[in-house]
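Below, each chain spelled out in residue letters.
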Amino acid sequence: MQNLVLATPLVCLLAALVAGFFGRAIGRVNTHRVAIAGVAVSFLLSLLVYIDVMGGSSFNGTVYTWATSGGASFQVGFLIDELSATMMAVVTFVSLMVHIYTIGYMAEDSGYQRFFSYISLFTFAMLMLVMSNNFVQLFFGWEAVGVISYLLIGFWYKRESAIFANLKAFLVNRVGDFGFLLGIAGVLHLFGTLDYAPVFASAPDKAGLLISGWHQWEWLTVICLLLFVGAMGKSAQVPLHVWLPDSMEGPTPISALIHAATMVTAGIFMVARMSPLFEFSETALTVVLVIGAITAFAMGLVGIVQNDIKRVVAYSTLSQLGYMTVALGASAYASGIFHLGTHAFFKALLFLGAGSVIIAMHHEQDMRKMGGLRRYMPITYITMVLGSLALAGIPPFAGFFSKDAIIAAVHNSTLAGSGFAYVAVSLAVFITAIYSFRLLFMTFHGETRMDDSVRSHLKESPWVVTLPLVILAVMSVISGALFMGPMLFGNYFGDAILVLPQHDVLAKLYQDLHHATGIDLRWGMFTHAIQTPTFWLAVAGVITAWYLYLYRPELPEKIKSRFEWAYTILDNKYGFDQFNQRVFAGGARNLGGWLWRVSDMRVIDGFVINGTAQTIGWLSGVVRNIQSGFVYHYAFAMIIGLVVLMTLFVF
Amino acid sequence: MNIDLNIAAALPEMILATMACLILLIDAFYGNRYRQLTCWTSIATLLLVALLAASDISTQSDVAFGGMYFDDPLGNLLKAAIFLSTAVVFLYSREYLEQRDIQSGEFYVLGLFGALGMSIMASAGNFLTIYLGLELLALSLYALVAFNRKSDRSTEAAMKYFVLGAIASGILLYGLSILYGLTGTLDITGVSTALANSEVNNQAITLALVFIVVSLAFKLGAVPFHMWLPDVYQGSPTATTLYLGSAPKLAAFAMIMRLLVGGLENFHSSWQEMLVILAILSMGAGNLIAIAQTNIKRMLAYSTISHMGFFLLGILSATETGYSASLFYVMVYSVMALGTFGMILLFSRRGFEAEELSDFKGLGQHHPWYAFLMLLLMFSMAGVPPTVGFYAKLSVIRSVLQVELVWVAVVAVLFAVVGAFYYLRVIKLVYFDHAEGEALIVESPVANKVMLSINVLALIVVLPWMGEIISFCTEVITSLAG
């Protein structure tokens, strides 16, 4: 199995290197052939691994030790269990779809080869992240995907806004990564090792251990909170979410792959992976729960007022990530990962569908200039409908099962703040339905609002674009019903995820469902849903969207002018950006300017640097003169040296 | 006394000695007709004996010639390294000698005899054997330095080197004679046991130590016994500088291991303090004076002095970690020295020695690949990660920290920063300045270019195996004979 596991990421790396270094030499067609072949092989290998793991085998081992320093060893190692095998399959599958789609989307771009190189490299880094068996490699993957995300957001590096967005993403992620790194340092300090297995094994012993000298701070709580700060950055949780909407400056395939389906879920994956630590800190779980609930609700609300098609989907991603985080906080890790998987399918679908629309509209992204597109792009339309139904959580589509499980799990949770979280995520269902159908209606229904020149060129996208859409749509429809039973209630994750009995909300849900129906869990889920508000909220959301954007399209304007203040708040995204821009960015720049003028120019440059340099330069000129060139001077120096040493040591 | 000859242990040396004599004859009779013959047979011989020595690295320690000669992993490793680097020296020098119409046959023969001397030093089990090897090396080197008879500088450098070298030899012999007087033996193991068992006069031992350390410092070029080094580096033909700068450092390491560690380790507290002084003076003076140089060979001479200061850090910590750190350092250093002087040779051509710093201006525009190699070399010399130069410095500094000489480590790091200046200046000249006059031309044969590329790239591609290399060095040190 080791070779199989090793080969999975390495083929992607190889493809990335070939595409990157020889892309120009081998041409565009060969570049995408190489990249797609690499990812396809990687996907097949992941499937093999997945089947193998589901058959009961697992792998945990070190492949290569890079360095050992002070008792900690830095190594490349893989932990392949149910969790990582699932992630591998999802990541390589979505990546493969996006690779194929890119042929159509980037067809006219001059950076074609560069793009393929980046996304293959991304797949490699993401695989290294999820397959890791130690914190160092996790961090490597974590940073690597961050760098590639940075490169890809700024892919069109001549665009001012793209450069601003990638810098922003990078800086905000630095904040998160700093917490993450501190968390890793805490793990090393507390456990003395960075390998998962020993850390997880000894976590129960360390539960409740207080940090000496601090008031009532538990080690595990501090570590978990710091690790979660990392997850907040990568998975865009409030208040570190600000980079994700701006990341839409990157090409659409990237938004689908990195900023919806895979990289942003790394934080979710990480917390699920660390469940043996988080389980022992209810404080940390509560924080996770509340942050997730705020994100799910507040970010969904912003999605309603966006007019850029990609930004709507972006805010929807934020909101859905909030759902996953809530699941983690409620100790329903399995349902968090389940939602991660279904979300990867339908969100990639929605992004790629939006991309297909954007291609047809000649890179126009404003929904106010669209409308009535369903007549021109039937395949895109139908797949988008399926994706939206899945996102809104209408049964029997994938999103219904995964999202309802989360809501039911939160309902069962006994943590402080779970009541608040339950209300927030339930209301968010309503909002989700509104914005996703608003997007659908504004884009595909109603009257056409674009220019005649654009309209005359409207046509369905080529097959390389629609094929991934169709495949993803199929997955969006069936993946929920298919995997719900085993993933949520079966022993699917085995030992990969630890849930303490007092936190096991999913087991309670299982009892409820079992009582309700006796046998079939899917049917149970449905009957359970219609007895709770969530289902009706989703339906109400769809109807509201229909009423507002199709039946009475003039109404939104009226509401907007009536509730001007609320609209302004949402339009400004609660003012996070302005706040960061003024306080952090502006403050840091002022501080930096002051430090530069005073401490840098005067003290360091003037005195320390130039002063030392001048002194050393002068000294070197003086000492140089000792080298006179006369052999008797040299001999004399030797004798003096000898005499000095003798006086020092012998006498 | 039962003398066990065990001649097979010295097989590489015997082959080398025989071949050196044979090649001398070959060159005398066929040298003019087949100009390349001497060079290639020399290289082939060296590769053969390097292979022999390398194949013997992991075997058990053994003694031969009644204890005069050690056959242990350390000796074999150093010998393999010495032979290999000498072979590389010959390869780089071939074109250079050719272009200058220098009688090249003797160059190789002298080089081979020097290598023989070094390998005897590496395996010496007796003070006399060490001295024998040392003198064989030194005499070859005197001749090599003076090789370009037409050049005044070359002759002057050889003269200085000879006079000062003779003084250093005298000092060494004096130190050894005191040891002989105290212990009645010249065997390294014998001296070591004699000093451990009996009551000996501490002051007399320290006196002997001072003399021995001074002579070692002269060999290494540690301050204040370094005066010969810049003049000799600059004055010699670059081919000789290349030879002088690489393999003899390995031999000097062997000599230190045999004399100080093998024979006098019980007195390490005394020599530790002496080496601290030498190391700090070398790092300081070497780095400071290098800044003021305009000639690259002279700059590298001072850089060598500072490197020897760093190298001594490992030895002076007097632990196995320290010795292996120094072993690693000296090996890395010889690879770097080969690369740097190889680079100078690459750009030298008839009537032009690329030895002024300003000659390298604008290299980045005309020869991006060699500019990149130069960058790697300078980064490695300065100790910038991820080159091996960084790990070399890291390991010696760490070994000093382990014996809690924190202030020495701090001083070392500070001087490393000072040193970074003149290495980075080369990079600045290469990449950010424009060439004055005509650009550099590369006339060297393909073999040199390929070898130089491999040589320099080795500084970075071995990175994934760093752990193995360092633990291998430790293994070699722990299995030291004697």
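A. Inspection of the nonpolar core at higher detail. Residue and element names in this part refer to chain A. Of all hydrophobic cores here, the largest spans 218 residues; its most connected members are I80, V94, F135, L152, M274, L277 and F278. The dominant element in this core, judged by the number of residues it contributes, is helix α14 (residues 333-360), at 17 residues. When sequence neighbours within four positions are dropped, the list of residues in contact with V94 reads L257, A261, A344 and A348.

B. A look at the environment of F147 of chain B. All names here are of chain B. Assignment of secondary structure puts F147 in the loop between α5 (127-145) and α6 (152-183). Overall, the relative accessible area of 12% leaves F147 in the buried class. Taking the C-alpha atoms as reference points, F147 and V400, separated by 253 residues in sequence, lie 40 Å from one another.

C. Layout of the packing of helix α4 (residues 135-153) of chain A against helix α7 (residues 219-234) of chain A. Residue and element names in this part refer to chain A. Where α4 meets α7, the closest approach of the two axes is 12 Å, and the angle between their N-to-C directions is 25 degrees. Classed by the angle they form, the pair α4 and α7 counts as roughly parallel. The way α4 lies across α7 gives a crossing that is left-handed. Residue-level contacts link W142, V145 and G146 of α4 to G230, A231 and K234 of α7. Of the residues contributing to the contact of α4 with α7, the split by class is 3 nonpolar, 2 polar and 1 charged.

D. Geometry of the interface of chain A and chain B. Across the boundary between the two partners, chain A contributes 23 residues, which contact 36 residues of chain B. Interface area for chain A against chain B, summed over the two sides, is near 2700 Å², with a carbon-plus-sulfur share of 76%. Broken down residue by residue, the surface that chain A buries against chain B is led by Q627, M638 and F649 of chain A, which jointly contribute 25%. The interface formed by chain A and chain B holds 0 salt bridges in total. Linking chain A to chain B there are 3 residue pairs in polar contact (both at pLDDT 80 or more). For the side of chain A that touches chain B, the secondary-structure elements that each account for two or more residues are β1 (59-69), α25 (576-624) and α26 (631-649) of chain A. Here the side of chain A that touches chain B takes 11 residues from α26 of chain A, the largest share from any one element. For the side of chain A that touches chain B, a count of residues per class yields 18 nonpolar, 4 polar and 1 charged.

About the thresholds
Residues numbered from 1 in each chain as written. Chains lettered and ligands numbered in written order. Predicted model: local features only at pLDDT ≥ 70, side-chain atom pairs only at ≥ 80, totals over all residues. Heavy atoms only, no water. Core = buried A, V, L, I, M, F, W, Y, C linked by side-chain atoms within 4.5 Å. Buried < 20%, exposed > 50% of the residue type's maximum accessible area, 1.4 Å probe, protein only. Helix = DSSP H or I, 4+ residues; strand = E, 2+ residues; numbered from the N terminus. Contact = heavy atoms within 4.5 Å. Axes fitted to C-alpha atoms, helices over the stretch in contact; angles between N-to-C directions. Parallel < 35°, antiparallel > 145°, perpendicular 65-115°, else oblique. Left-handed = near helix turned anticlockwise from the far one by under 90°. Nonpolar A, V, L, I, M, F, W, Y, C, P; charged D, E, K, R; others polar. Buried area = accessible area lost by both parts, 1.4 Å probe. Salt bridge = Lys/Arg side-chain N within 4 Å of Asp/Glu carboxyl O. Polar contact = N/O pair within 3.5 Å; in protein donor to acceptor, adjacent residues only side chain to side chain.

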